[in-house]
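Coordinate analysis (summary)
The lines below spell out each chain.
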Amino acid sequence: MEKIISLAKRRGFIYSGSEIYGGLAGTWDYGPLGVALKNNIRDLWWKRFVEDREDMYGVDAAILMNQKVWQATGHASGFSDPLVECSGCKKRFRADQLDDRAKCPECGGKLGEERQFNMMFTTHVGATQDESTISYLRPETAQGMFVNYKNIIDSFHPKLPFGMAQIGKAFRNEIAPRDFTFRAREFEQMEIEYFIAPKDWAETFEHFRNEMHAFIKDVGIGADNVHELEVPEADRAFYSKRTIDIEYDFPFGRKELYGLAYRTDYDLSRHAEHSKIKLDYLDEAAKERFVPHCIEPSFGLDRTVLAALCDAYSEDEMNGEKRELMQLDPKIAPVKAAVFPLLKNKPELVGRAREIYRDLKKEIPNIMWDDNGNIGKRYRRQDEIGTPYCVTVDFDTLEDGTVTVRDRDSGKQERVATEKLIRYINK
Ligand code: ATP
């Protein structure tokens, strides 16, 4: 894990938040390569779950919501984790993550009584600060969809089954943020609320279970490291009839990557009761009104980025030299190809390489230019960030119009005609 964290920082994927001031625990800043990787994953998700379907409605709801939303769902009173404090070093821990609930894992001191700690960040909206102006940074994107259920029904008149999808930031004041970006206090979720007639729940659950695995495959994360955990009733939210956690073998252990839950009609019913607005569905054929039930596939975007980095990281030897490489799927790789002139001090090579670079960049986003150091060093640098192809412009290019294209994983080199380069890389 240390090697991955160090590479991520050194090469501009992910930095600590507010680093020059000593950081802010549980916050992370994405650098240029991290943003590109995250955007590529986000786009794949949106394409699969929204654009390629006919039954999904995308929304982008406000992060700040009326406090009544969180009273209705029970988050205001109950979105908490069990907290214990050491009487010696005063450090705080999440009680359910400790092997020994009596002894401090840091200093061996005595741990105090367990108490519930609400994880929502509180803020105030407007110039006065009292109970009535309280708002929260949303701890999940899900509620932004439930409160827009009626808007979607009124604007689009969808027939059941249909879903709503949203990607956005969520905030949790985690007691113990840890394991790089895995447990952060500010993170991004990609969530779906899929509305169904109650009788269809098991079939829909199965559909999304398969789709979640298909998405993981699409991102290029190896199935061998992905597992399912059937969450036992005692550990499920009381309204959930079934929950599966999809887990990934991170270097720090097997941990939750995504969750899939059958939330029954809990959320819509609670909002209907608290808002006094009808949130039901009219089945015109059966002349029957009912509150739809809901299947919720929930994905962490930052956890996907982290799993993709962990899955892609490897070390091997090439031409007698050790190398670190990121075997990212080309679909999500932040840089698709790098273009080099063989020699930096030959204007004719640099000029032709620049032209090829510009032409590629027009057609394919995220093409990089590199003329620093020797070719071997440039290859190593691109391997580290997962660039699938390196294109070298040499003296033969000036003669016969071909370039050398070198494959990241095998190191194999091929001569490709310049006019075929865009098609070659796109393929
Ligand atoms: P955990 O048990 O790890 O705290 P959870 O069961 O509380 O997670 P959910 O409420 O199901 O998580 O949230 C849905 C998804 O959001 C998770 O599967 C995960 O991908 C992501 N997620 C939740 N909490 C965090 C966090 N603190 N940092 C990064 N991602 C998170």
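Throughout what follows, the structure given in this document is the object of discussion. For clarity, every value in this text was computed on a predicted model and none was experimentally measured.

Contacts to the ligand come from 15 residues, most closely from Glu174, Arg183, Ala184, Glu256 and Leu257. Protein chains bury 80% of the 590 Å² of accessible surface belonging to the ligand in isolation. Where the shell around the ligand is concerned, the elements lending two or more residues are β11 (186-196), β14 (253-264) and β17 (293-300). Among the residues forming the shell around the ligand, the class breakdown is 5 nonpolar, 4 polar and 6 charged.

For the structure on display, the rule yields 28 aromatic pairs. Measuring from centroid to centroid gives 5.3 Å for phenylalanine 238 and tyrosine 239, while their planes differ by 80 degrees, and the two rings are edge-to-face. Put simply, the rings of Trp45, Trp46, Phe49, Phe215, Tyr258 and Phe299 pair up and form one aromatic cluster. Looking at lysine 38, its charged tip hangs above the ring of tyrosine 30, at a distance of 3.9 Å from the centre. The positively charged end of arginine 354 is found above the aromatic ring belonging to tryptophan 369, 4.2 Å away from the centroid.

Relative to the helices and strands, glutamate 51 resides in helix α2 (residues 32-51). Given a relative accessible area of 55%, glutamate 51 falls into the exposed group. When the C-alpha atoms of glutamate 51 and valine 226 are compared, they prove to be 26 Å apart, with 175 residues separating the residues in sequence.

So, on to the sheet that holds β14. Within a sheet, each strand pairs with its neighbour through backbone hydrogen bonds, oriented either parallel or antiparallel. Strand order in the open sheet formed by 7 strands is β3-β10-β11-β17-β14-β13-β12, and the pairing between neighbours is mixed. In this open sheet, the two edge strands, each paired with only one partner strand, are β3 (56-58) and β12 (226-230). Strand after strand, the sheet turns through a mean of 25 degrees between neighbouring axes, direction not considered. Of the strand pairs in this sheet, β3 and strand β10 (residues 162-171) are connected by 3 bridges, and their pairing is parallel. Of the residues in β10, the one forming a bridge with methionine 56 is glycine 163. Sheet contacts for helix α6 (residues 149-156): β3, β10 and β11; angle to β10, the most-contacted strand, approximately 140 degrees.

Counted residue by residue, helix α11 (residues 375-385) has 8 buried out of 11 residues, so it is predominantly covered. Among the residues making up α11, those that are buried are Ile375, Arg378, Tyr379, Arg380, Gln382, Asp383, Glu384 and Ile385. Of the residues trailing α11, glycine 386 is marked for its positive phi of about 85 degrees.

If you walk across this open sheet you meet the 3 strands as β6-β5-β7, and the pairing is antiparallel. A strand with exactly one partner marks an edge of an open sheet, and here the two such strands are β6 (92-94) and β7 (115-118). The mean inter-strand angle of the sheet, taken between neighbouring strand axes irrespective of direction, is 50 degrees. Both strand β5 (residues 80-85) and β7 contribute to a ladder of 4 bridges, which runs antiparallel. Across the sheet, the residue bridging to serine 80 is asparagine 118, located in β7.

Core analysis: the largest hydrophobic core is formed by 55 residues, its most contacted members being Phe13, Ile41, Trp45 and Phe215. Of the residues forming this core, the biggest block, 8 residues, is contributed by helix α9 (residues 301-312). The next biggest cluster of nonpolar side chains, apart from the first, holds 19 residues, and it includes Phe146, Phe195, Leu268 and Cys294.

What follows concerns the side chain of aspartate 383. Here aspartate 383 is to be found in helix α11. Those residues within four positions of aspartate 383 in sequence are excluded, and the remaining contacts are Arg323, Glu324, Leu325, Met326, Arg406 and Arg408.

The next thing to look at is the pattern of salt bridges. Any two side chains of opposite charge can pair, on the condition that their charged atoms come close. As enumerated under the stated definition, the model contains 42 salt bridges in all. For the salt bridge of lysine 199 with aspartate 200, the shortest nitrogen-to-oxygen distance reads 3.1 Å. Residue classification places aspartate 200 among the partly exposed positions, given a relative accessible area of 23%. With a closest N to O distance of 2.8 Å, arginine 406 and aspartate 383 form a salt bridge. Placement of arginine 406 in strand β23 (residues 402-407) and of aspartate 383 in helix α11 is noted, with a sequence separation of 23 residues between them. Residue arginine 406 shares its accessibility class with aspartate 383, and that shared class is buried. Here the residues in one salt-bridge network are Asp316, Glu321, Arg323, Arg380, Asp383 and Arg406, joined through shared partners.

Both trends apply: most residues other than glycine have a negative phi, and most peptide bonds are in trans. Going from leucine 160 to proline 161, the amide bond is cis rather than trans, its omega being -5 degrees. Residue position: proline 161 is located in the loop between α6 and β10. Positive phi, close to 70 degrees, is recorded for lysine 90, a residue that is not glycine. Positive phi, normally seen in glycine, also occurs at aspartate 179, with a value near 55 degrees. Among the secondary structure elements, aspartate 179 is positioned in the loop between β10 and β11.

Criteria and cut-off values
- Position labels on residues start from 1 in each chain and follow its written sequence.
- Reporting in this predicted model follows two pLDDT cut-offs: at least 70 for local features of residues, and 80 or more for side-chain atom pairs to be given and counted; totals over whole chains, interfaces and linings ignore these cut-offs and use all residues.
- Only hydrogens and water are set aside; all other atoms, that is, all heavy atoms of the structure, feed into the side-chain values.
- We call a residue near a molecule or strand as soon as one heavy atom of that residue lies within 4 Å of the molecule or strand.
- Accessible surface area values rest on a Shrake-Rupley calculation with a 1.4 Å probe, where residue burial reflects the displayed protein chains alone.
- Comment: elements are numbered from the N terminus, with helices defined as DSSP H or I runs of at least four residues and strands as E runs of at least two.
- Gly is put with the polar residues, along with every residue not named as nonpolar or charged; the nonpolar set is Ala, Val, Leu, Ile, Met, Phe, Trp, Tyr, Cys and Pro, and the charged set is Asp, Glu, Lys and Arg.
- Whether two aromatic rings pair depends on their centres lying within 6.5 Å, for rings of Phe, Tyr and Trp, where Trp uses its six-membered ring; planes under 30 degrees apart make the pair stacked, over 60 edge-to-face, and the rest tilted.
- In this scheme, the term charge over a ring applies when either NZ of a lysine or CZ of an arginine sits within 6 Å of the ring centre and within 35 degrees of the ring normal.
- Between buried and exposed lies partly exposed: a residue is buried under 20% and exposed over 50% of the maximum accessible area for its type, with that area taken using a 1.4 Å probe on protein chains only.
- A pair of strands is labelled paired if DSSP reports no fewer than 2 bridges between them.
- The axes used here are C-alpha line fits, helices contributing only the stretch in contact, and every angle between their N-to-C directions lies in the interval 0 to 180 degrees.
- In what follows, residue pairs with any heavy atoms lying within 4.5 Å of each other are defined as contacts.
- To form a nonpolar core, buried Ala, Val, Leu, Ile, Met, Phe, Trp, Tyr and Cys residues must be joined to one another through side-chain atoms within 4.5 Å.
- Salt bridge criterion: a side-chain nitrogen from Lys or Arg within 4 Å of a carboxyl oxygen from Asp or Glu.

Nothing here speaks to function; it is all geometry.
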